[in-house]
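# Understanding the architecture of this molecule
So you can see what is in the structure, the chains are spelled out below.
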Amino acid sequence: MADNFKIIDDKKYMWDGEDYESEPAAQENISKYSNDGFETKLLEEDGKYLVYTRRVVTEIVIEGEPV
């Protein structure tokens, strides 16, 4: 089982929970994540391909009235 997260280039990436048998299968999901605004990293471990993602918060929405 892969690590739930990895620190890559001083940034925290979360594993998407899938073990991909091939690089093309992993790349297909990487494209989907990229289209949704995620940064992605593809790693190979023990013959499996693992996708790690991260997204930077760019907006914080606060609901309710100020106290």
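Note that the coordinates shown come from a computational prediction; the quantities given were computed from them, not determined experimentally. (Residues numbered from 1 in each chain as written. Predicted model: local features only at pLDDT ≥ 70, side-chain atom pairs only at ≥ 80, totals over all residues. Heavy atoms only, no water.)

### A closer look at the pairing of strand S4 (residues 48-54)
Here is the rule we go by: For every residue, the accessible area (1.4 Å probe, protein chains only) is compared with the maximum for its type, and the residue is labelled buried under 20%, exposed over 50%, or partly exposed between those bounds. Every helix listed is a DSSP run of H or I at least four residues long, and every strand listed is a run of E at least two residues long, numbered separately from the N terminus. If DSSP finds at least two bridges between two strands, the strands pair.
Among the 7 residues that make up S4, 6 are buried, leaving the element largely enclosed by the rest of the structure. Sheet topology places strand S2 (residues 11-15) next to S4; 2 bridges connect them, and they run antiparallel. Residue Met14 lies in a different strand from S4, and its bridge partner there is Thr53. As paired elements, strand S3 (residues 39-45) and S4 share 7 bridges and run antiparallel to each other. Across the sheet, residue Glu39 finds its bridge partner in S4, namely Arg54. In textbook terms, the turn of a hairpin is the stretch between consecutive antiparallel strands, and for S3 and S4 this stretch comprises 2 residues, one of which, Asp46, has a positive phi near 55 degrees.

### Points about a nonpolar patch on the surface
Heads up, the rule is: In this scheme, patches are assembled from residues that exceed 30% relative accessible area and form no salt bridge. Like charges are connected within 9 Å, while nonpolar side chains (Val, Leu, Ile, Met, Phe, Trp, Tyr) are connected within 5 Å. Areas reported here follow the Shrake-Rupley algorithm with a probe of radius 1.4 Å; residue values treat only the protein chains shown as occluding. The term salt bridge refers to a side-chain nitrogen of Lys or Arg lying within 4 Å of a carboxyl oxygen of Asp or Glu.
Nonpolar side chains collect at one region of the surface, where Phe5, Ile7 and Met14 lie side by side and expose about 300 Å² of accessible area between them. Structurally, Phe5 is set in strand S1 (residues 5-8). Using a relative accessible area of 42% as the deciding quantity, one classes Phe5 as partly exposed.

### Overview of the packing of aromatic side chains
Test applied: A pair of Phe, Tyr and Trp rings is counted when the ring centres sit within 6.5 Å of each other, with Trp represented by its six-membered ring. The angle between the planes then sorts it: under 30 degrees is stacked, over 60 is edge-to-face, the rest tilted. Criterion for a charge above a ring: Arg CZ or Lys NZ at most 6 Å from the ring centre, at most 35 degrees from the ring normal.
The final tally for this structure, using the stated rule, is 1 aromatic pair. With a centroid separation of 5.8 Å and 70 degrees between ring planes, the pair formed by Tyr33 and Phe38 is classed as edge-to-face. Note that Lys12 overlies the ring of Phe5, its terminal NZ or CZ placed 4.7 Å from the centroid. We note Arg55 situated over the ring of Phe38; from NZ or CZ to the ring centre the distance is 4.0 Å.

### Some points on the environment of Ile30
Our working rule: Any two residues whose heavy atoms approach within 4.5 Å are treated as being in contact.
When you line up the elements, Ile30 lands in helix H1 (residues 23-35). Ile30 sits in the buried class, given a relative accessible area of 10%. As for Ile30 and Ile8, which are separated by 22 residues in sequence, their C-alpha atoms are 16 Å apart. Residues within four places of Ile30 in sequence aside, it is in contact with Thr40, Leu42 and Val51.

### Some thoughts on the pattern of salt bridges
Following the criterion strictly, the structure yields 7 salt bridges and no others. With its nearest N and O atoms 3.1 Å apart, the salt bridge here joins Glu45 to Lys6. Of this pair, Glu45 sits in strand S3 while Lys6 sits in strand S1, and the two are 39 residues apart along the sequence. A salt bridge links Glu28 to Lys32; its shortest N-O distance comes to 4.0 Å. On the criterion of helical spacing, the pair formed by Glu28 and Lys32 is a turn pair, its members being 4 residues apart in helix H1. A network of salt bridges, in which partner residues are shared, links Asp3, Lys6 and Glu45.

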